[in-house]
Amino acid sequence: MSSGLMEIGHLEAIFRYPVKSMGGERLEVASLGWHGLDGDRRLAFRRIDERGGFPWLSASKLPDLLLFAPHRREDAARGDLPTHVRAPDDKEMPVFGEDLAAEVGRRYGAPVQMMRLNHGIFDEASVSVIVLDTVREIGRLAGQTPDVRRFRPNVVVRSLWAAPFQEDEWVGGVLSFGEGDDAPAITVTMRDVRCSMVNLDPDSASPAPEVLKAVVRANRNNAGIYGAVTRVGRLAVGQPILLAPAGRPLRPERPAFPDQGSVAA
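The rules behind these values
Chains are numbered independently. Their residues run from 1 in the order of the written sequence. At least 70 in pLDDT is required for a residue's local features to be given in this predicted model, at least 80 for side-chain atom pairs to be given and counted, and no such filter applies to totals for whole chains, interfaces and linings, which use all residues. Water and hydrogen atoms were dropped before computing side-chain values, which therefore reflect all heavy atoms in the structure. For every residue, the accessible area (1.4 Å probe, protein chains only) is compared with the maximum for its type, and the residue is labelled buried under 20%, exposed over 50%, or partly exposed between those bounds. Numbering goes from the N terminus for both helices and strands, where a helix is a DSSP run of H or I of at least four residues and a strand is a run of E of at least two. A pair of strands is labelled paired if DSSP reports no fewer than 2 bridges between them. In this analysis, two residues are considered to be in contact whenever any of their non-hydrogen atoms come within 4.5 Å of each other. Under this scheme, a helix contributes an axis fitted over its contacting stretch, all axes are lines through C-alpha atoms, and angles between N-to-C directions fall in the 0 to 180 degree range. Patch construction takes residues with relative accessible area above 30% that form no salt bridge. Like charges are linked within 9 Å, and nonpolar side chains (Val, Leu, Ile, Met, Phe, Trp, Tyr) are linked within 5 Å. Computed with a 1.4 Å probe, the accessible areas rest on the Shrake-Rupley method; for each residue, only the protein chains presented here act as cover. We define a salt bridge as a contact between a side-chain nitrogen of Lys or Arg and a carboxyl oxygen of Asp or Glu at a distance within 4 Å.

**With respect to the pairing of strand β16 (residues 240-244)**
And then number 1: Among the five residues that make up β16, four are buried, leaving the element largely enclosed by the rest of the structure.
And then number 2: Bridging between strand β12 (residues 174-177) and β16 involves four bridges; their strand directions are antiparallel. Directly across from Ser-176, in β16, lies its bridge partner Leu-242.

Below is the structure:
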């Protein structure tokens, strides 16, 4: 193990969200690129009549978005983007088709248009991480069954220490996934300040306000962390996760890119 690195746990689960705020995919392996997981949040609905600084439609404005499930048909060409979306009524529509835009626009009450951005459509950072103990503690405080999907992470950590909100201590450090000098890695840039998205049940879109209240009460509205990619590579469930604390970063291999933006819905 490299000097200065501490093993903190292993990679429990990987999630990708091809369309912003729609249902996610649980993966066993994923490619971590300079702009997050390949295929993550590359698509989003733009609110056509919105003239503000954030035009994207999210589940905080239309909870029903969580109930739409993007997927790829088996006969589609290889790639990471979905070809179709299954609506809550099980109707399947092409992801860029007029029927899907019309259905989402009808539920939202205003016209929308599907957009693709190759570098992703994020809110704060391109990778989000949370520890299972954090999810469990929030569920306990809220009187809800713990469900990591409420927090829409990319990476779920099973920690060696049974302590919630330990992610806060990682800010400024570097997480690497797997061992060796070529292991993919992220720099932990900030804590994840939560919004009403965590209140929404992923299976029904029903709100449970006590979830966000528990996050506020327990940890000043923070749960999990955001990271910026410093080394690309392959993520896989079961990989050990190593931490280089702040002040002892791994050797960076990231080229100069403009700001990535950040992850959320």
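**Quick notes on helix α1 (residues 98-108)**
And then number 1: Every buried residue of α1 is accounted for by Leu-100, Ala-101, Glu-103, Val-104 and Gly-105.
And then number 2: Here the buried face of α1 lies against β5 (43-47), β7 (84-86), β8 (92-94) and β9 (112-116).
And then number 3: Phi for Gly-109, located one or two positions after α1, is positive at around 95°.

**Considering the sheet that holds β8**
And then number 1: Spatially, β6-β7-β8 is the arrangement adopted by the three strands of the open sheet, whose pairing is antiparallel. With one partner strand each, in any of the chains shown, β6 (69-71) and β8 form the two edges of the open sheet. Each adjacent strand pair in this sheet contributes to an overall mean axis angle of 30°, direction not counted.

**A short note on the sheet that holds strand β4 (residues 36-37)**
The pairing of strands in a sheet comes from backbone hydrogen bonds and takes either a parallel or an antiparallel form.
And then number 1: The three strands lie next to each other as β4-β3-β15, forming an open sheet whose pairing is antiparallel. The sheet terminates laterally at β4 and β15 (233-236), the two strands that pair on one side only.
And then number 2: Note: strand β3 (residues 29-33) against β4, two bridges, orientation antiparallel. Counted as the bridge partner of Leu-32 is Leu-37 from β4.

**A word on a nonpolar patch on the surface**
And then number 1: Judged by side-chain polarity, Met-6, Leu-160 and Trp-161 come together as a nonpolar surface patch covering roughly 310 Å² of accessible area.
And then number 2: Among the structural elements, Trp-161 can be located in the loop between β11 (155-159) and β12.
And then number 3: Owing to a relative accessible area of 41%, Trp-161 belongs among the partly exposed residues under this scheme.

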